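These are the residues of each chain, in order.
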Amino acid sequence: MSRKLRFFKDQIQKAGLMATARPALQPDLALEELEIQLAEHEVELIEMNHNSEKLRQTYNELLEFKMVLQKAGGFLVSSKRHAVAEDRELEDHVYANDDYTDTASLLEQEMRSVPSNQSGLRFISGIISKSTVLRFERMLFRATRGNMFFNQAPTDERILDPVSSEMVEKMVFVVFFSGEQAKTKILKICEAFGANCFPVPEDITKQRQLTREVLSRLSELEATLDAGIRHRNNALTSIGIQLTKWMNMVRREKAVYDTLNMLNFDVTKKCLVGEGWCPIFAKTQIQETLQRATFDSNSQVGIIFHAMDAVESPPTYFRTNQFTNAYQEIIDAYGVARYQEANPAVYTVVTFPFLFAVMFGDWGHGICLLLGALFLIAREKKAYTNTNSYVL
């Protein structure tokens, strides 16, 4: 259950929501009911996250396709205009010459009769991350031995990466090549670099029609994503109202089970047995506390408390107060005295201030430390109250 509650807390933080500090007053749930309810919420959230990721991936693919259609379409139009201009220039200056039919070979005349779109020139269009476009172009050049033409253009907007959840800059590319082997090599290189390839028709009319279809699907997906995000935020908000209460309940149950794990189960007497050390002066106080716990829990069986004879040496315990606790911690940092040994902290209370004064023999520094200590002492009760309320 703790894992599920941490999962809910992380999801609320990722969504930019805040869990309410004061939960709504609702009747307490049993631990079994809470476990069933948390499992249902977890399954619902996992399913919503999975559907949202699939929709986001489809949306990103369509968004990339739209950018490829816009940029690659411009490349194809410019290349066609350039090819038409070259054909026109050849027609005006070469083919129109009277001596061309006499001097041209049969192969040149055959190539003239073949249209330009049947010359075997192909292209592959797609989109790739901007950080890898230079290595991608270099690899294409080496694989095709320079028999390709590479065009690229930056996208107008960044695209959300579903893996890292960050906005990434991408580049639209069009590779012109010739031959089936070059096509196989280029497709393998695109797959290795993580480039997404999309088919772009050469006809401008088909390009416009395909662009309209992509835009309509993008608008539908945007509406679906917005509705899914609203539904997920509503579910997280309802969870966040009770999240603090559920976490306190689970933390309290874990503390109870941690305490029970330190006890031993007596099979013959069918009871729990706990062994430990306590100071002699606290024996009466412990008995009163156990009797009060028995009365508050409405237990029909009382708690039995009696002293035992131990063979091993008892642990060391020194009674301290708010003043001597700091000196005792300094001594414990060097080592803890054995049982019934003299406590060096008693002498340190006197000697440590003098040693500190020898190291820092400065009146100004000492006055600053004195004022800071007096300020902390004056606000001791308030700080102690805030610490206890935070822990609870």
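Note that this is a predicted model, so its numbers are computed, not measured. (Residues numbered from 1 in each chain as written. Predicted model: local features only at pLDDT ≥ 70, side-chain atom pairs only at ≥ 80, totals over all residues. Heavy atoms only, no water.)

What about the overall build of the protein chain?
When helices and strands are tallied, the protein chain shows 12 helices and 8 strands. Looking at the protein chain as a whole, 22% of its 392 residues are labelled buried. Taking contacts inside the protein chain between residues at least 6 apart in sequence as the whole, the part at least 24 apart equals 73%. For the protein chain, the computed accessible surface area is about 29,200 Å², with 56% contributed by carbon and sulfur atoms. (Helix = DSSP H or I, 4+ residues; strand = E, 2+ residues; numbered from the N terminus. Buried < 20%, exposed > 50% of the residue type's maximum accessible area, 1.4 Å probe, protein only. Contact = heavy atoms within 4.5 Å. Areas by Shrake-Rupley, 256 points an atom, 1.4 Å probe, with all protein chains shown as cover.)

A few points about a positive patch on the surface
Judged by side-chain charge, Arg 6, Lys 9, Arg 251 and Lys 254 come together as a positively charged surface patch. The topology assignment puts Lys 9 in helix H1 (residues 2-14). (Patch = residues over 30% accessible without salt bridge, like charges linked within 9 Å, V, L, I, M, F, W, Y side chains within 5 Å. Salt bridge = Lys/Arg side-chain N within 4 Å of Asp/Glu carboxyl O. Lys, Arg positive; Asp, Glu negative; His and termini not counted. Charge placed at Lys NZ, Arg CZ, Asp CG, Glu CD.)

Some points on the pattern of salt bridges
What the rule picks out here adds up to 7 salt bridges. Here Lys 130 makes a salt bridge to Glu 169, at a shortest N to O gap of 3.4 Å. Placement of Lys 130 in the loop between strand E1 (121-129) and helix H5 (133-143) and of Glu 169 in the loop between strand E4 (167-168) and strand E5 (170-178) is noted, with a sequence separation of 39 residues between them. Using a relative accessible area of 43% as the deciding quantity, one classes Lys 130 as partly exposed. Between Glu 169 and Arg 158 there is a salt bridge whose closest N-O contact spans 3.0 Å. Of the two residues, Glu 169 is situated in the loop between E4 and E5 and Arg 158 in the loop between strand E2 (149-154) and strand E3 (159-160); the sequence distance between them amounts to 11 residues. With a relative accessible area of 33%, Glu 169 lands in the partly exposed category. Here the residues in one salt-bridge network are Lys 130, Arg 158 and Glu 169, joined through shared partners.

Quick notes on the packing of aromatic side chains
This model, assessed by the stated rule, comprises 11 aromatic pairs. Taking the centre distance of 5.6 Å and the plane angle of 70 degrees together, the rings of Phe 136 and Phe 193 count as edge-to-face. With a gap of 57 residues between them, Phe 136 in helix H5 and Phe 193 in the loop between helix H6 (180-192) and strand E6 (196-198) connect regions that are remote in the sequence. Relative to Tyr 317, the ring of Phe 281 has its centre 6.3 Å away and its plane inclined at 35 degrees; by these criteria the two rings are tilted. (Phe/Tyr/Trp six-rings, centres within 6.5 Å; stacked < 30°, edge-to-face > 60°.)

Some points on a nonpolar patch on the surface
A cluster of nonpolar side chains, contributed by Val 256, Tyr 257, Leu 260, Phe 265, Val 267 and Leu 272, occupies part of the molecular surface with about 600 Å² of accessible area. If one sorts the elements of the nonpolar patch by residue count, helix H7 (residues 204-261) sits on top with 3 residues. By relative accessible area, which is 40% here, Val 256 ends up partly exposed.

Side note on the packing of H1 against H7
As a packed pair, H1 and H7 sit with axes 9 Å apart at the nearest point and diverge in direction by 145 degrees. In terms of crossing hand, the pair formed by H1 and H7 is left-handed. Each of Ser 2, Leu 5, Phe 8, Lys 9, Gln 11 and Ile 12 in H1 lies in contact with H7, whose residues at this interface are Arg 232, Leu 236, Ile 239, Gly 240, Leu 243, Trp 246, Met 247, Val 250 and Lys 254. Taken together, the residues that form the contact of H1 with H7 break down as 9 nonpolar, 3 polar and 3 charged. (Axes fitted to C-alpha atoms, helices over the stretch in contact; angles between N-to-C directions. Left-handed = near helix turned anticlockwise from the far one by under 90°. Nonpolar A, V, L, I, M, F, W, Y, C, P; charged D, E, K, R; others polar.)

A word on the state of the cysteines
Within the structure shown, the criterion is met by 0 disulfides. Among the cysteines around Cys 190, which has no disulfide bond, Cys 197 carries the closest sulfur, lying 3.7 Å off. (Disulfide = S-S within 2.5 Å.)

Observations regarding the pairing of E5
The buried fraction of E5 amounts to 8 of the 9 residues, a majority that puts the element mostly inside the structure. Looking at chain direction, E1 and E5 are connected through 9 bridges and run antiparallel. By the bridge assignment, Leu 121 is partnered in E5 with Ser 178. As paired elements, E2 and E5 share 6 bridges and run antiparallel to each other. Its bridge partner lying in E5, Gln 152 is registered against Phe 173. (Pairing = 2+ DSSP bridges.)

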